[in-house]
Every structure is written in structure tokens, then in C-alpha cells.
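Below, each chain spelled out in residue letters.
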Amino acid sequence: MELYELSIHELQDKLREGETTSAEITASVFGRIDAVEKDVRAYITLMRETALAEAERADLAIRKGEMGALTGIPVALKDIFCTKGVRTTCGSRILNNFIPPYDATVVSKLRAAGAVCTGKTNMDEFAMGSSTETSFFGVTRNPWDLERIPGGSSGGSAAAVAAGECIAAFGSDTGGSIRQPAALCGVVGMKPTYGRVSRFGLIAFASSLDQIGPFTKDVEDCAILMNVIAGYDPRESTSVPEAVPDYRRFLGRGIEGWRVGIPKEYFVAGIDPEVEAAVRQAIRAVEGAGAKCMEVSLPHTDYCVAVYYVVAPAEASSNLARYDGVKYGFRSEGNRDLLEMYKKTRSAGFGAEVKRRIMIGTYALSSGYYDAYYRKASQVRGLIKRDFDEAFMTCDVILTPTSPTAAFRIGEKTDDPLQMYLSDIFTISANLAGIPGISVPCGYTESGLPIGVQFLAGHFQEGRLIQFASAFETHAKIERRRPRL
Amino acid sequence: MEYEPVIGLEVHAQLLTDAKIFCGCSTKFGAAPNTHTCPVCLGMPGVLPVLNKKVVEFMMKMALATNCRINRECNFARKNYFYPDLPKGYQISQYASPPAEHGWIEVELNGWKKRIGITRIHMEEDAGKLLHDEINPASYVDLNRTGVPLIEIVSEPDIRSAEEATAYLRRLHEILVYLEICDGNMEEGSFRCDANISLRPAGTEAFGTRTELKNMNSFRNVQRALEYEIKRQQYVLEGGGQVIQETRLWDDTAGVTHSMRSKEDAHDYRYFPDPDLVPVVIVAAWIDAVQKTLPELPLEKRERFVRAYQIPVYDAGVLTASRALADYYEEVVRLSGQPKIASNWVMGDVLRFLNEDKRDIRECPIAPASLAEMIRLIREGTISGKMAKEVSEEMYRTGKTPEAIIKEKGLVQITDEGALTKTIAEVIGKNSEQLAQYRGGKEKVFGFFVGQVMKATRGKANPQLINDLLKKMLAGDK
Ligand SMILES: [Zn+2]
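The next point concerns the overall build of chain B. Tallying secondary structure elements over chain B gives 15 helices and 16 strands in all. Relative to the globule expectation of 23 Å for 478 residues, the C-alpha radius of gyration of chain B, 31 Å, shows a markedly less compact shape. Projected onto its principal axes, the C-alpha coordinates of chain B cover approximately 95 × 55 × 55 Å. The 478 residues of chain B split such that 39% are buried. Sequence separation of at least 24 residues holds for 68% of the intrachain contacts in chain B that already meet a minimum separation of 6.

What follows is the structure, encoded as C-alpha cells:
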């Protein structure tokens, strides 16, 4: 086994025993990048030199016996996290040349924990997409089938972990942007509770839905990364001062007697038969682990996509107003006046999907339409939240497919936004309700594409999700394949 | 037809907090462009606002001082529009749920008191400033002011004349400055006012079409602009025309208002709750704590001065024009025990000296203790009123105590009867002719003798004592 193929906890054992060094691990990862990045294209910006320097520093710290939570572990960051002194594009031409003078809180925490940053990964422009095809910097390919998309919007991070181009990665999830690409790339991806991880320095798409989470090779690594990134941040008003448990304590504890809700609304037409079969198999696996499955109802499920595509674009239309060519980023040339500068800058700086959503959002907030769209959507969002509150009175976790299909072909849905939007049909509800969710690999299609199963729990129940996912991982015994690259 | 103006005012007051409303940057005016900025107030990607609690407290002070009801919960909203001085492309303001509502203040006009309603008070952030270079055509953006906290105070359409409008504004201004939450500087834009004005036939209820007036940066301009606009609308209506709903700019030089934008061009601000901020919850205990910090307000103080110090309403008005002046006066009263005399000196010499030098009472070199001491010395007869004038000038110039000045200048009044009797006898002896005239019934000559005695004592003798002794001695009692 190559070092780049190992998990964080496996590498930490080796580092602790002195069997390897961060420099070796980092070199292994960059060797892998040199071999496969031309095919996968997971990264927008590679940070080879700083990574090697960070690895040296990590080795020094380890030799001194100062091993932090992530000392010497190469991780990748979605290019939506502001990184001090390193270009941060959000997948957009409009931020093509933007170099933040500050680190996102998550990035500061990773640095403090000793992590080595390999680079900034590709994403749908401003996280708007489910395939990483809307990036200004080109399409990322699914390591399991280079003709297919890796999911999105955090497709670069998911693909990088799957391809061994980093040991773990971070993404953001507004409607499924961590869980869906995790499922499509065969890795573990968690979206924590809204307010669990600080959004400071995360470039905003839809502020009331955005949340940061990890991509890892297994559930234990997920717990390790959650320990680093979770917690209150005085710079972030919506982060919650709720105590952070040691998530590793939840590993391997079993789920005997747990009640698992299977929402009937999530097993309907449109779901790929191979996906459904794999998820049904997952249900049997958790029953095998001693959990009791029961049908639950989330009656407002049908409204999730519609509510999401009002709330998210409305917030985005306002969040993206700052990209006006005045202060930083791209500005069009030869403008006669202010209005022309705005128009030309934003027309050329944003891609089609971003412009589509800005227009939808602007419309939804306009006077005369606000009540019918934004206000109504906010009200229905309250009902969706209540569905979950009620469901969690009778069950401990909810189990659903992560995505209705496995990875689709590049270009297959780019001309049909509505079909694209339906890729997130099972993940959007968790963002609307603010609850945590995790996607864990649960099998493969006949053609060898990974399939994911999603577990959801109540607010701040990340520990419970990790306990459940860890038990699933142990009992389902999903064959650990690696993409052939 | 007779028309009645209906006026409502929107006041924006910059708050005197040290830090901006959503970041830690300084709010100080006059720094080099873009030096009081950080990623948050520059609207950089991914940064987030955190509310400065002081801003809420300052808002609460104004709300309590203007009899508003403070709501238990309020939200921030985004007001969306594009302009280069607005780095985020939206202003964080408050819209559907304001923190304070249903207030009022009382204004006095020609001896009449009138209550003017306050619809709401809310918090928001200020925008930056654009600087235009006309010679080498270019525009520059200074974002120092971006994120400086403001409160917006919206009045009910209760105002019926330009004078009422200025009286209301002066009252608001006075309260803000008294509360020490706003410096009230209109030229620097710390206190700004927009007006909504319409006319309706006198005696009718329904409102006419209103215009919004902007760009009035002094009380006088508010009054002039409203007077102009009342005449303009009246002219339009009397000519059978219709007032157009629009925003008009006051042109100070030309003395007219110009149309700026019509209702059709009005922005759709697309307000919605700001998802980056959580609701502000104001519990009763917080309101009580802020209430305890409220100073006595100008109107209450004025009434108390009239009552407690027995001074005229006019004097009380002058002495309470600012909190510092009122404090100064009260300190002099406390130390001297002479409210009326203290008021004469403060309103007289002290304010005259300060006005001549355009100085504030807080920079006054005469300490209240010195003024009180001087008042005591006059009452005790140590110095005369005339000497006191000289002493007060010297106190203002040097900041020295009256005793030091009196000693230095040898100003002590002669109150020694024996010494004075001797001097008077000498004066009488030298002026036997006048003595004869006086004794002959020409009483006017008395003034001559007073003058001679003053001269002989170089003005240091107690005038009352001179009078008493002279009368006796001229009558030949001694
Ligand atoms: Zn700032």
C-alpha cells in the first residue's frame, strides 16, 4: 500500500511509531497528484511548496513530541475557503485573481492542528451545481469513471480523496454539496448541524443553509476532523456555543436497539433501481447490527426542492452583490460609466448557472413577489423542520439514499437545470432543517460506480451519526475498492 | 384655497461608539482614506458581521428618552442596492421588526407645547464616501465611514409647518447630544435629515401626494427647503396641477428644490432578514439597566432650574443648552449658594468670553470653584462689582483663582472704616467750595465727593462704606 492510500488514523499510527514522516506522506500524495491529476483535475490551485514546508515543520514537531490532532496530515480545501495569501476563486472568473488577507476560521483551526494543506479544490461556481461542471476552471472527473462527473458542488474535494490526491478534504454543503459528491465518489462526507462549524471565511452561497464538513476515507477519520473544526466562533453570529464532545468516543459503540426511521417519501419513482437495492441492503445491515427499522413520514418532502430553489437563490442574489468590480476580483475593461462597469463585469465574471440563480433570487425578493415566494418558502421551511422534529420523537436516526442515482455522464444534465436540481432531492431537506447528515459508501453499481447511503439525526447529534455510521461500516462490510486510474 | 402642510421627518444620527457596528474598526472621523477598514467592513468574500452591543444600548437610550416602546426581539434586514460606497451591495438595516416604536417628544413653539409622534427608531450601518476628481476624471472610494453605526428616527406625519419641523429637529438634536450618543455635527454628517412633505386642503383628513426632500445639512436649510417646497406644491395645486411623488434635492445656493428621481425610478430594495445575524433579544433587565444610565433630559432640567433656582425660563433655556454648561452652572451654584448671581455671571461674562473665542464651556479656563469664590468675595465686600469684572477677565485669561489675582493686583477693597474716614476728611478739607454747595442744598455734589474718594483710594474702597461715611461727614456729624 502506498502512503497516499491510507487513512488519517492509519498514518497517525505510523507517524507516532516513527515508521514514516509527514515529508514522506506529503511526497507520496504529490507523487499521486503528478500521476493522476491530469485525468481527474480535482484542484484549481496546488500548494506544493508550502505543503512540503509545512510537512517539514510537522516532522520537527513530531520529533519534539508535539503531535497535534492533524500534525503532518495532507488535506485539501475546497476553493471556497479563504486562505491568507493564497488565491481563492470560488470556481469563478469574478474571483480569478482574489487573494484573501485572512484565513477562514476552519483554515486557522486546521493550521493550528498541524495539518498540511495540499491545495484548493475545484467546485461548481459559487457552489451552485451538483456536478462541478459550472466551474470557470473546467470539469473535475470522477476517479471511478473519467467520463462521469464527481458530483458537486464540492466535486474536487470528493474526487481528490477518492483518487488519493490528498488524505482527507473539506467542502461546504448548502443542499447536498458534501454528501452527494461523497456518495458519487465512494467516500464518507458529513454535513454538520447549522451553527456547529464556523462559516467565517467560507465564501457565502446561501448563508442560512451553508455548512462546512469533511470528506474522509472512513468514519473514524470523519470523527477526527470533526474534533478539529467544530465549535463556537465569536466572529460568526450563527455559530452556536454548544459544547463539542470528543467525536472519537462514539466510534465502535454499537447501535443495539436503535430506532431507525425510513421515510416513505424517499423511496419513490425516480430513484435508480441499483441505488434502491443498495440502500435496502444497508437497511438489512443496520438491522443485523441490532437496530430496529421503522417507517416514518416527512410529509413536506415534496416541497423541499421548490423551497430550496427560492431561499438559496434569494440569499445568493444578495450575497453575490459584492462582486461588482469595485474593490477586488475581475473588472471589465473600457467602461464608459458606473452602470456599464457593473453590467459588463457581472455579465462576463459570472457563469450561466450563477446568473440564472441571481435572477431567480432577485425575482423572489422583489416587491410584489416577496410574499408569494420568499415569505411562503420560509414558512414551508418551518414545516419541513417540524417534520424532522416530529420524526425524531419516534426514531434515533433516519436512513435514506444520498442521491437518486450514481454518478452521471459529463454533460448529461447541463442543459436541463431541473434534472440537475433533482440530484439533491434527498439531501436538501437536511439543510432546510439545519440538521446533520452523513453519507457513507454502501455498495457499487454493476458498472462499478459507488453508491452512498445517508443518515440524518437531530440538531447537534453528530456524535450519534458517527456512532451509527461506524456501526454500519463495521457490519455492512462493504468491499473497499479503489478507483482504477 | 388654504392648504395645510403635512410633514414627517427621517433623521439619521451617527452614534459615538468607539467601534463600528459590525466589526472592530474605529469610527473616528477624518482619518486618511480607507485606514479605518478591515475585511468585514470592506465587504470581502466570506466575512461575517458581529453586532456591537454598545450600538443596541445607544439605540435604547434614545428610545427611552423619546418615550418609545422597546420590542423584546428585533431583526436585521438587508437593503439591497448597488453603489460603490456600499461594499457588500447591501446595507444592513432593520425593516419589518424595528427595536423601538410608538414614541413621542414635546416641542415648544411660540409658547405652545405640541407632542410629535415617533413611529420607530432602528439601527443600521452607514455607507462610505465617494470622492470625485473632476480634473483627471476618476472616482475614489473611501470606506472609513462604512459600518459606522447609525440610528434612524422616523417621525409621524404630525408636523404642520417648517418652524415646527425645525423645532422638532432641534429637540431631537439636543436629546441626542445630551445622551452623549451623537456629536450632532451636521456639517460632518453626524446628524442628517430627510423630509416627507405633502399639502392637503385645510380641514381635510386625506394626505396629498408627497415629495421627499434630501440634502439639507443645517437647521436653517431644513426650514428654507420646507418653506420653498410648501410654496412650490401650493403653486402646483393652485394652478390645477398635481404634485408628483418624487425625491427632490435642496439646492442651498439657488434656494430651490430639484427633482432627483421619480417614483418609477425608485429602488426596489428587496429587503429580507439578514441570515448572517441572529435576532436581537432585549430583556426587561437590560432596559432597566440602560434606563438607570439616562441623564436628566434638557426639558426636565430646564423645568427644574426654573423651579429650584428661581431663574427665568429664558435663563434656564440658555443654561441648559448643553449638558456641560448646565453642569458648570450647577457646580457654581452648589459652591456659591447664589443661583441668581451665578446665572448672571455664567450667562454674562463666561458665555461672552467663550463666544468671542468660539470655545466650548468644557474648555473654559475659569473653574466653577473660582467663579463661586469670586461671587463670595463680592458678597463679603472684599472686592467691588467693578473689580470683579477685572478679576473675571483675568481668571479667563490666566485660569488663576480670584484670590491670587486680587493679591497680585492689590485689588483688595478698603473696608477699614478708620483709614477711609481719614481719606474722606482729607477730600472734604481740600474741597471746601463744594462742601459749601452741598451744605447749601445742592445734593448733586455728593456724586463729586464719591468720585474724589474713589480716586483717592484708586477704586479700592467699598462703595457702600464710602456712601455711608460721606453722608455722615458731609453733614458735619464728624
Ligand atoms: Zn472594519
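After that view of the structure, there is still more to cover.
The helix and strand inventory of chain A stands at 15 helices and eleven strands. Here the C-alpha atoms of chain A give a radius of gyration of 21 Å, agreeing with the 23 Å that 2.2 N^0.38 yields for 485 residues. Referenced to the eigenvectors of the C-alpha coordinate spread, the extents of chain A come out at roughly 65 × 55 × 45 Å. Per-residue burial for chain A yields a buried fraction of 60% across its 485 residues.

This next bit is on the sheet that holds strand β15 (residues 272-273) of chain B. Residue and element names in this part refer to chain B. Spatially, the three strands line up as an open sheet ordered β5-β4-β15, and their pairing is antiparallel. The two strands at the open ends of the sheet, each matched to only one other strand, are β5 (90-93) and β15. Bridge count between strand β4 (residues 77-80) and β5: four bridges; the pairing is antiparallel. Bridging from a neighbouring strand, Arg-78 pairs with Ile-92 of β5.

All names here are of chain A. Burial analysis of strand β4 (residues 168-173) places six of its six residues in the buried class, which makes it a mostly covered element. Residues Ala-168, Phe-170 and Ser-172 point to one face of β4 and Ala-169, Gly-171 and Asp-173 to the other, with burial holding for every one of them. Pairing of β4 with strand β6 (residues 211-216) involves five bridges; the strand directions are antiparallel. Among the inter-strand pairings, Ser-172 is bridged to a residue of β6, identified as Ile-212.

Before going further, it helps to spend a moment on the sheet that holds strand β10 (residues 149-155) of chain B. All names here are of chain B. Across the sheet, nine strands lie side by side as β2-β6-β7-β10-β1-β11-β12-β13-β14; this open sheet has mixed pairing. Two strands bound the open sheet, and with one partner strand each, they are β2 (69-70) and β14 (256-262). Where β2 and strand β6 (residues 100-109) come together, two bridges link them in antiparallel fashion. Each residue of the ladder has a partner; that of Ile-70, found in β6, is Ala-100. Each of β1 (3-14), β11 (191-201), β12 (211-216), β13 (246-251) and β14 is contacted by helix α3 (residues 219-238), which is oriented at about 25 degrees to β11, the strand it contacts most.

Turning to the nonpolar core, a few remarks are in order. Grouped together as the largest cluster of nonpolar side chains are 225 residues, with contacts concentrated most on Val75(A), Ala282(A), Val397(A), Met59(B), Met62(B) and Ala165(B). Broken down by element, the residue count for this core peaks at ten residues, all from helix α2 (residues 162-178) of chain B. With residues near it in sequence (within four places) discarded, Met59(B) still touches Pro99(B), Ala100(B), Ile121(B), Met123(B) and Ile151(B). Listed in part, the 31 residues of the second largest apolar core include Ile311(B), Ala326(B), Leu354(B) and Ile406(B).

Once that is clear, we can look at the interface of chain A and chain B. Reports often express the size of an interface as the amount of accessible area lost when the parts come together. Listed by partner, the interface residues are 36 residues for chain A and 27 residues for chain B. At three residues, the largest contribution of residues to the side of chain A that touches chain B is made by helix α9 (residues 304-319) of chain A. Of the residues assigned to the side of chain A that touches chain B, the class counts are 20 nonpolar, nine polar and seven charged.

Glancing now at helix α11 (residues 352-365) of chain A. In this model, α11(A) (14 residues) spans 20 Å end to end at C-alpha, consistent with the 20 Å of a helix rising 1.5 Å per residue. In this structure, the buried side of α11(A) is in contact with α9 and α12 (371-394) of chain A together with β15 of chain B.

Attention now goes to the environment of Ala63(B). Residues and elements named next belong to chain B. Relative to the elements of secondary structure, Ala-63 occurs in helix α1 (residues 53-65). Take Ala-63: there are 27 C-beta atoms within 10 Å of it, and that puts it in the buried class. Taking the C-alpha atoms as reference points, Ala-63 and Pro-99, separated by 36 residues in sequence, lie 8.7 Å from one another. Those residues in contact with Ala-63, other than ones at most four positions away along the chain, are Cys-68, Ile-70, Ala-100, Gly-103 and Ile-121.

All names here are of chain A. Along helix α2 (residues 22-40), the sharpest change in direction is near 45 degrees and occurs at Asp-34. Structurally, α2 contributes buried residues whose contacts are with α1 (8-17), β1 (43-46), α3 (48-63), β2 (74-78), β3 (116-121) and α5 (155-163). Of the residues one or two after α2, Arg-41 is the one with positive phi, at around 55 degrees.

Residue and element names in this part refer to chain B. Assigned domains of chain B: these are domain 1 (3-286), domain 2 (296-409) and domain 3 (417-474). The distance between the C-alpha centroids of domain 1 and domain 2 comes to 38 Å. Tallying the contact residues gives six residues for domain 1 and five residues for domain 2. Looking at the side of domain 1 that touches domain 2 element by element, the count peaks at four residues for α2. Its residues assigned to classes, the side of domain 1 that touches domain 2 comprises four nonpolar, no polar and two charged.

Looking down a regular strand, the side chains alternate between one sheet face and the other. Residues and elements named next belong to chain B. Judged by which residues are buried, β4 turns out to be covered on both faces: Ala-77 and Lys-79 on one side and Arg-78 and Asn-80 on the other are all buried. Note: β4 against β15, two bridges, orientation antiparallel. Following the sheet pairing, Arg-78 is matched in β15 by Phe-272.

All names here are of chain B. Looking at where Ala-202 falls in the secondary structure, it is placed in the loop between β11 and β12. Residue class for Ala-202 comes out exposed when judged on the 9 C-beta atoms lying within 10 Å of it. The spacing of Ala-202 and Leu-179 is 23 residues in sequence and 38 Å in space, taken between C-alpha atoms. Residues within four places of Ala-202 in sequence aside, it is in contact with Glu-2, Tyr-3 and Glu-4.

Here the focus is the confidence of the model for chain B. Mean pLDDT over chain B stands at 92; residues scoring 70 or higher make up 98%. Our summary of model confidence lists the complex with pTM equal to 0.90 and ipTM equal to 0.96.

Rules used in this analysis
Residues numbered from 1 in each chain as written. Chains lettered and ligands numbered in written order. Predicted model: local features only at pLDDT ≥ 70, side-chain atom pairs only at ≥ 80, totals over all residues. Helix = DSSP H or I, 4+ residues; strand = E, 2+ residues; numbered from the N terminus. Rg over C-alpha atoms; globule rule 2.2 N^0.38 Å. Buried ≥ 20, exposed ≤ 12 C-beta atoms within 10 Å, placed from the backbone. Contact = placed C-beta atoms within 7 Å. Pairing = 2+ DSSP bridges. Axes fitted to C-alpha atoms, helices over the stretch in contact; angles between N-to-C directions. Core = buried A, V, L, I, M, F, W, Y, C linked by C-beta atoms within 7 Å. Nonpolar A, V, L, I, M, F, W, Y, C, P; charged D, E, K, R; others polar. Expected span 1.5 Å × (residues − 1). Bend = angle between axes of the 7 residues up to and from the residue. Domains from an automatic or database assignment. pLDDT = per-residue confidence, 0-100.

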